[in-house]
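The chain contents come next:
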Amino acid sequence: DAGVIQSPRHEVTEMGQEVTLRCKPISGHDYLFWYRQTMMRGLELLIYFNNNVPIDDSGMPEDRFSAKMPNASFSTLKIQPSEPRDSAVYFCASSFKTTADTQYFGPGTRLTVL
Amino acid sequence: AQSVTQPDIHITVSEGASLELRCNYSYGATPYLFWYVQSPGQGLQLLLKYFSGDTLVQGIKGFEAEFKRSQSSFNLRKPSVHWSDAAEYFCAVGGSGGGADGLTFGKGTHLIIQP
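First things first, this report covers the structure right here in the doc. (Residues numbered from 1 in each chain as written. Chains lettered and ligands numbered in written order. Predicted model: local features only at pLDDT ≥ 70, side-chain atom pairs only at ≥ 80, totals over all residues. Heavy atoms only, no water.)

**Let's talk about the overall build of chain A**
A count of helices and strands for chain A gives zero helices and 11 strands. When the elements of chain A are put in sequence order from the N terminus, they spell out β-β-β-β-β-β-β-β-β-β-β. In terms of principal-axis extent, the alpha carbons of chain A reach across some 40 × 25 × 25 Å. For chain A, buried positions account for 49% of its 114 residues. Here the analysis covers contacts within chain A between residues at least 6 apart in sequence; of these, 54% occur between residues at least 24 apart. Element-wise, carbon and sulfur atoms account for 51% of the exposed surface of chain A, whose accessible area totals about 5,600 Å². Both charge centroids of chain A, one from 11 positive and one from 13 negative side chains, sit 3 Å from each other. (Helix = DSSP H or I, 4+ residues; strand = E, 2+ residues; numbered from the N terminus. Buried < 20%, exposed > 50% of the residue type's maximum accessible area, 1.4 Å probe, protein only. Contact = heavy atoms within 4.5 Å. Areas by Shrake-Rupley, 256 points an atom, 1.4 Å probe, with all protein chains shown as cover. Lys, Arg positive; Asp, Glu negative; His and termini not counted. Charge placed at Lys NZ, Arg CZ, Asp CG, Glu CD.)

Here you go:
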């Protein structure tokens, strides 16, 4: 398996623009997680899905952030409008069925909002 | 709410020396505990995990960790570090209920290896 795939790897945009980050989880995994990593706050869970259904979005910082999982092999994290404080590395991870199962992380998308 | 504390932001160790990275957690029930490693510009890779059984768990790359419930700790150890171990190390805790939970991560410990 190719592992968790994220695109783009780097994104530079201007404040106010819409940003869409993409993730393809490992085939057969039931869970998909979105995390954000910043120097100040470290790694934070934003939202996660079970069988394409959002389970917990309490980590989503604002209404400007939204996530979807239209099918088992694709998820998006959208920021509209983007702000400089959204600059971070965004990771997608997937796992099989329980917390004991390993979460496999993608390489991340480094977002810079100017 | 669950939390993880990694008290050491940076640790410098000589190549060949032993290593211990500290991790303390707060969780209301039996936790699932993890150590991940992140090399520069890379995603996170699981080193090891604990969810039941023997409190001393072995991981990849020669790492081990010991779960101590009385101390709420899950420290990572390696008897002899290699230059390639230089990276950021994250301890994480997850729920032990049914299904899967997102993980709560510590702020990380940056490991520097001196020649």
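**Describing the nonpolar core**
Ranked by internal contacts, the top residues of the largest apolar core, which has 26 residues, are B:Leu19, B:Trp35, B:Leu47, B:Leu48, B:Phe74, B:Leu76 and B:Tyr89. Mapped by element, the contributors of at least two residues to this core are β2 (10–14), β3 (19–21), β5 (32–38), β6 (44–50), β8 (64–68), β9 (73–78), β10 (87–94) and β12 (109–114) of chain B. Leave out the neighbours within four places in its chain, and B:Phe74 touches B:Cys23, B:Leu33, B:Phe34, B:Trp35, B:Leu48, B:Tyr50, B:Val57, B:Ala65, B:Glu66, B:Phe67 and B:Cys91. Ranked by size, the runner-up nonpolar core spans 21 residues in total, among them A:Val4, A:Phe49, A:Met60 and A:Cys92. (Core = buried A, V, L, I, M, F, W, Y, C linked by side-chain atoms within 4.5 Å.)

**Examining the sheet that holds strand β1 (residues 5–7) of chain A**
The pairing of strands in a sheet happens through backbone hydrogen bonds and is either parallel or antiparallel. Residues and elements named next belong to chain A. Reading across from one edge, β1-β3-β8-β7 is the order of the four strands in this open sheet, with antiparallel pairing throughout. For this open sheet the edge positions go to β1 and β7 (65–71), each flanked by a neighbour on one side alone. Geometrically, the sheet is characterised by an average inter-axis angle of 15° between neighbouring strands, direction not taken into account. Across five bridges, strand β3 (residues 19–24) lies against strand β8 (residues 74–79) in antiparallel orientation. Residue Leu21 lies in a different strand from β8, and its bridge partner there is Leu77. (Pairing = 2+ DSSP bridges. Axes fitted to C-alpha atoms, helices over the stretch in contact; angles between N-to-C directions.)

**Overview of the interface of chain B and chain A**
If you look at the interface, chain B gives 21 residues, while chain A gives 23 residues. Sorting the residues of chain B by area buried against chain A places B:Leu44, B:Ala100 and B:Phe105 first, and these three jointly supply 27% of that buried surface. At the surface where chain B touches chain A, the tally comes to six residue pairs in polar contact (both at pLDDT 80 or more). Secondary-structure elements contributing two or more residues to the side of chain B that touches chain A are β5, β6 and β10 of chain B. Considering each element in turn, the side of chain B that touches chain A owes the most residues, four residues, to β5(B). Tallied by class, residues from the side of chain B that touches chain A come to 10 nonpolar, eight polar and three charged. (Buried area = accessible area lost by both parts, 1.4 Å probe. Polar contact = N/O pair within 3.5 Å; in protein donor to acceptor, adjacent residues only side chain to side chain. Nonpolar A, V, L, I, M, F, W, Y, C, P; charged D, E, K, R; others polar.)

Interpretation in functional terms is not warranted from these geometric data alone.
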